[in-house]
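# Topology and contacts: notes
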Amino acid sequence: MSASYDRGTIEDLGRWREFSAGMWAWLFHKVTGWILIGYLFTHIAVLSTAMSGESVYNETLGGLEGLLLVRFLEVGLLAVAVFHILNGVRLLLVDLGVGLDRQAAAFYVALVVTGLIAIASVPTFLAGVTL
Amino acid sequence: MSSTPSDDTETVHSDDDPAVASVRPEAGMADPSEAERVTPDLDDEETATMRVFRYDPDVPERAEPHYDEFVIPTHEGMTVLDALIYARDTYDSSLTFRHSCQQAVCGSDALFVQGAQRLACRTQLSALGDPIQIDPLPHKPVEKDLVVDMSDFYDQMEAIEPYFDPDETPADDLEEQRQSPENREKIKLSTRCIQCGACQSSCNVAAGDNEYLGPAAINKAYRFVMDEREGAERRKTRLEIVEDEHGVWRCQTQFSCTDVCPKDIPLTEHIQALKREGVKDDLKFWE
Ligand code: SF4
Ligand code: FES
């Protein structure tokens, strides 16, 4: 046989428009999982300032909370965590063979609930924490 | 390649090209049974435009992957496969694709049509927009035009030892080996597979790991694991095969396979069922 043509990953990524619900759920689950792992390390780093004393810890947290950007990021973090949890429940049901024919609907429900919770959290997060 | 710019596209039929007359069909030339429908003047006909992936390593002009466009006169009930056959027989005899039964039984004409893996013979042109983009199955090396190398798929099917293998066979060769109606019902959908490879081609996990058994092979394993006529020993070895590191646990429930299977086999469900069987089996440590 002569040469064959391997279309490669780039072409694959170009197909995102054709993804269906299960595929988006898979992608979002991966991405949110990685974000949560990244956050966990940042979280530990911030908390570990407590080892340098009370005032350093309070200043670090207060300083971060003072930044509007951080408060926006917190809304995002909540959305990421909520989606990951809800989709985790969806995956658990899939593993157990429950409601497999409604997996797409379950994904949309997870998205909507995530959106609602994130929106509802905006006033609290943007107001910041007064120490 | 799905985003190949239009200047790569060679329009085979174009109304303002005088040379086109030579590729216009003569009445009845494409398919004698459709003689009345195929008229020389396409302007009076309903037409569809197909954008077909072309690649031929043996012909220098076609060695660079590109798309060709074919304008096809359509008729009610026309399928993508009919259109491809028309294009090949009328415009370009070098256009290469696989097909056989034309009735969704042989599984040889799975293609990537308008963004999804489909059987060309089962896909109505009327259900698609225009132009109709036709690519070879993704995640497989292209041999020529729409023909892909299916070796990985066949290797995976082979790996699950897809043969009915009961522990005991009746002493009398002519005695039937009966299966209960309930058991038949349980495996019914899994027996429908026509080995078209659409599911495997749609699966990202299979794309990243060509040793992953993939949906079709796991579904075939399900067909045998759940068959009450195979003995406990055989069941155990079958579960060992699907529980291999490239087996069921690779499935990340994308549902792409279930979405594209032309035979509506609930593949993800079957894969999950085998995961559960595997776990149940592993928990029985006293056996
Ligand atoms: S399971 Fe469905 S999509 Fe996969 S090879 Fe069989 S018929 Fe084709
Ligand atoms: S030609 Fe046989 S399945 Fe389509």
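None of the values given here were measured: they were computed from a predicted structure.

### Comments concerning the packing of helix H6 (residues 214–225) of chain B against helix H7 (residues 232–242) of chain B
All names here are of chain B.
- At their nearest, the axes of H6 and H7 sit 10 Å apart, and the two run at 165° to each other. Relative to H7, the element H6 is oriented roughly antiparallel. Viewed along their axes, H6 and H7 form a crossing whose handedness is left-handed. The residues of H7 that touch H6, namely those facing Ala 221, Phe 224 and Val 225, are Arg 235, Arg 238, Leu 239 and Val 242.

### Brief notes about the nonpolar core
All names here are of chain B.
- One finds Met 50, Ile 72, Leu 84, Ile 134 and Leu 274 to be the most contacted residues of the largest nonpolar core, which totals 69 residues.
- In terms of residue count, helix H1 (residues 80–90) provides more of this core than any other element does, 7 residues in total.
- Looking at this core, you find at least three residues from each of domain 1 (47–148) and domain 2 (150–165 + 179–285).
- Once you skip the residues sitting within four places of it in the chain, Leu 274 turns out to touch Ile 218, Ala 221, Tyr 222, Val 225, Met 226, Leu 239, Val 242 and Val 248.

### Considerations on the site of ligand 1
- In the vicinity of ligand 1, 13 residues are found, and the nearest of them are Cys 193, Cys 196, Gly 197, Cys 199 and Cys 261 of chain B.
- Here the residues of the shell around ligand 1 sort into 11 nonpolar, 2 polar and no charged.

### A word on the side chain of Asn 183 of chain B
Residues and elements named next belong to chain B.
- Looking at the element boundaries, Asn 183 is found in helix H3 (residues 181–188).
- Exposure remark for Asn 183: the relative accessible area of 8% places this residue in the buried category.
- Setting aside its immediate chain neighbours within four residues, Asn 183 contacts Met 226, Asp 227 and Glu 228.

### Here's the deal with the domain arrangement of chain B
Residue and element names in this part refer to chain B.
- Parsing chain B into structural domains produces domain 1 (47–148) and domain 2 (150–165 + 179–285).
- Relative to domain 2, the C-alpha centre of domain 1 lies at a distance of 29 Å.
- Across the boundary between the two partners, domain 1 contributes 14 residues, which contact 16 residues of domain 2.
- Summed over both partners, the interface of domain 1 with domain 2 comes to about 1,200 Å²; 54% of that surface belongs to carbon and sulfur atoms.
- Of all residues in domain 1, Gln 117, His 139 and Lys 140 bury the most surface against domain 2, accounting for 44% of the area lost on that side.
- Taken together, the connections running from domain 1 to domain 2 amount to 0 salt bridges.

Scoring rules and cut-offs
- Residues numbered from 1 in each chain as written.
- Chains lettered and ligands numbered in written order.
- Predicted model: local features only at pLDDT ≥ 70, side-chain atom pairs only at ≥ 80, totals over all residues.
- Heavy atoms only, no water.
- Axes fitted to C-alpha atoms, helices over the stretch in contact; angles between N-to-C directions.
- Helix = DSSP H or I, 4+ residues; strand = E, 2+ residues; numbered from the N terminus.
- Parallel < 35°, antiparallel > 145°, perpendicular 65-115°, else oblique.
- Left-handed = near helix turned anticlockwise from the far one by under 90°.
- Contact = heavy atoms within 4.5 Å.
- Core = buried A, V, L, I, M, F, W, Y, C linked by side-chain atoms within 4.5 Å.
- Buried < 20%, exposed > 50% of the residue type's maximum accessible area, 1.4 Å probe, protein only.
- Domains from an automatic or database assignment.
- Near = heavy atom within 4 Å.
- Nonpolar A, V, L, I, M, F, W, Y, C, P; charged D, E, K, R; others polar.
- Buried area = accessible area lost by both parts, 1.4 Å probe.
- Salt bridge = Lys/Arg side-chain N within 4 Å of Asp/Glu carboxyl O.

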